[in-house]
Amino acid sequence: MHAVENVVTKIGESPIWKPDTNSVVWVEAAGQEIYEYSLSTRTLNTVTTPFDITAIARCDDNGWVCASKQGLFYCSVNFDTFTPLSDPCFDTAHLHLNDAVTSPTGALWFGSMNHTHLEAPDGKLYQLTQGTAKEMDSGFSVANGIAFNPVLKRAYCSNMFQRKVYEYQLDDTMSRILDKSVFVEFEQSKGYPDGLAVDRQGNLYICHWERGMLSYYAPSQQQIGTSTLINEIDLPVKHATRCTFGGNDFNTLFVTTANFELSIQEAHLYPLSGQLLVLDAPTPGREEFLINSVALPNLKHVIEPLTS
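Throughout what follows, the structure given in this document is the object of discussion.

Calculation notes
Each chain carries its own residue numbering, running from 1 in the written order of its sequence. Confidence filtering applies because this is a predicted model: local features only for residues at pLDDT of at least 70, side-chain atom pairs given and counted only at 80 or more, and all residues used for totals across whole chains, interfaces and linings. Working from all heavy atoms in the structure, the side-chain values ignore hydrogens and water. The classification of residues rests on relative accessible area computed with a 1.4 Å probe and restricted to protein chains. Under 20% of the type maximum is buried, over 50% is exposed, and intermediate values are partly exposed. Helix numbers and strand numbers start at the N terminus; a helix is a DSSP run of H or I with at least 4 residues, a strand a run of E with at least 2. Think of it this way: DSSP has to see at least two bridges between two strands before they count as a pair. Working rule for contacts: check all heavy atoms of both residues, and any pair within 4.5 Å makes them a contact. Note on method: axes are straight lines fitted to C-alpha atoms, helices fitted across the in-contact stretch only, with angles between N-to-C directions ranging 0 to 180 degrees. Disulfides are defined in this document as cysteine sulfur pairs within 2.5 Å.

### Things to note about the pairing of strand E14 (residues 143-149)
Most of E14 sits out of view: seven of its seven residues are buried. With five bridges connecting them, E14 and strand E15 (residues 154-159) associate as antiparallel partners. Residue Phe148 lies in a different strand from E15, and its bridge partner there is Ala155. A loop of four residues connects E14 with E15, the two strands running antiparallel in sequence, and Lys153 in this loop sits at a positive phi of about 55 degrees.

Shown next as structure tokens:
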């Protein structure tokens, strides 16, 4: 295991592997920065956005969709133009968007949270459908860490401050929820479930906030809500936020972390907090799914984009 020492984030989030450039992209979810680190050249590029970014997802036209505290934006490949798409929280001051992940169908799923009271069950899970935010589920104390199992046609989402990860059985189009169950619920000593990822075999990886570890589970092939713990991996940080697979044949795991509100003692105990961790993946992963840009509204051609 090693860390990318070039940048330390307050809340690192949303790592995305780009196989075409042999690089990993992630965000400062407590700010406005997007980072791209090249494994080939060992160089870091930083872009500052005009909004408070929380997550990114890549489009099949090489553009991006950014989730932010000001809503969803379509972004150009180099993050130099930004066009608003949708914001279901625009008229509710205490709510804003949080995580965002692409489904196997190319649709964006994203969550919201109450940023003034994290434990309030005001968060929701959405799917972006033709530019409209369609509500999929509600009652979240921070809707976080979305992931998909395309073989079993299932989705996952962390109800973070209720310490639960939900498993959803989807229909054949993977656009409608048929059933829901608790996949795993953590005791206090395990911290809070944050970002999620599914490997090539369908195992669910869970990053733990306030515990600094990864755990991964095998789902039941027959029914939702049944999981088997495979292993836990301790990390030299207090907060692990999200992970993604990349590198040669997706055998590398990139884990974003946070140095959020560390005491002096904790900063000494966890010196890698806030850095991007790079480790050998215990199991092979797969590439992140790409947003179907054809399904996005044509707003970027009719609304003058913001420019950073």
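Now that the structure is up, let's keep going.
### Let's talk about the environment of Ala240
For Ala240, the location among the structural elements is in strand E22 (residues 239-246). Those residues within four positions of Ala240 in sequence are excluded, and the remaining contacts are Asp194, Cys207, His208, Trp209, Gly212, Met213, Leu235, Val255 and Thr256.

### Structural notes on unusual backbone geometry
The phi torsion at Asn62 lies on the positive side, around 75 degrees, for a residue other than glycine. Summarising the element assignment, Asn62 is placed in the loop between strand E6 (53-58) and strand E7 (64-68). Although it is not a glycine, Glu261 adopts a positive phi angle of roughly 50 degrees.

### Some remarks on the sheet that holds strand E20 (residues 213-219)
Taken in spatial order, the four strands line up as E18-E19-E20-E21 in an open sheet, and their pairing is antiparallel. Only two strands of the sheet have a single neighbouring strand rather than two, namely strand E18 (192-198) and strand E21 (227-234). Geometrically, the sheet is characterised by an average inter-axis angle of 25 degrees between neighbouring strands, direction not taken into account. Note that strand E19 (residues 204-209) and E20 share five bridges and pair antiparallel. Note that in E20 the partner of Ile206 across the bridge is Ser215.

### Some remarks on the state of the cysteines
Here the structure, examined in full by the defined rule, presents zero disulfides. Cysteine Cys89 remains unbridged, with the sulfur of Cys157 as its closest cysteine sulfur at 14 Å. A relative accessible area of 4% means that Cys89 is categorised as buried.

### So, the environment of Leu296
Following the sequence through the fold, Leu296 ends up in the loop between strand E24 (276-280) and strand E25 (306-307). Exposure remark for Leu296: the relative accessible area of 11% places this residue in the buried category. In sequence terms Leu296 and Ala218 are 78 residues apart; their C-alpha atoms lie 34 Å from each other. Discounting residues that sit within four places of it in the chain, Leu296 has contacts with Cys59, Val65, Tyr74, Leu85, Leu128 and Ile291.

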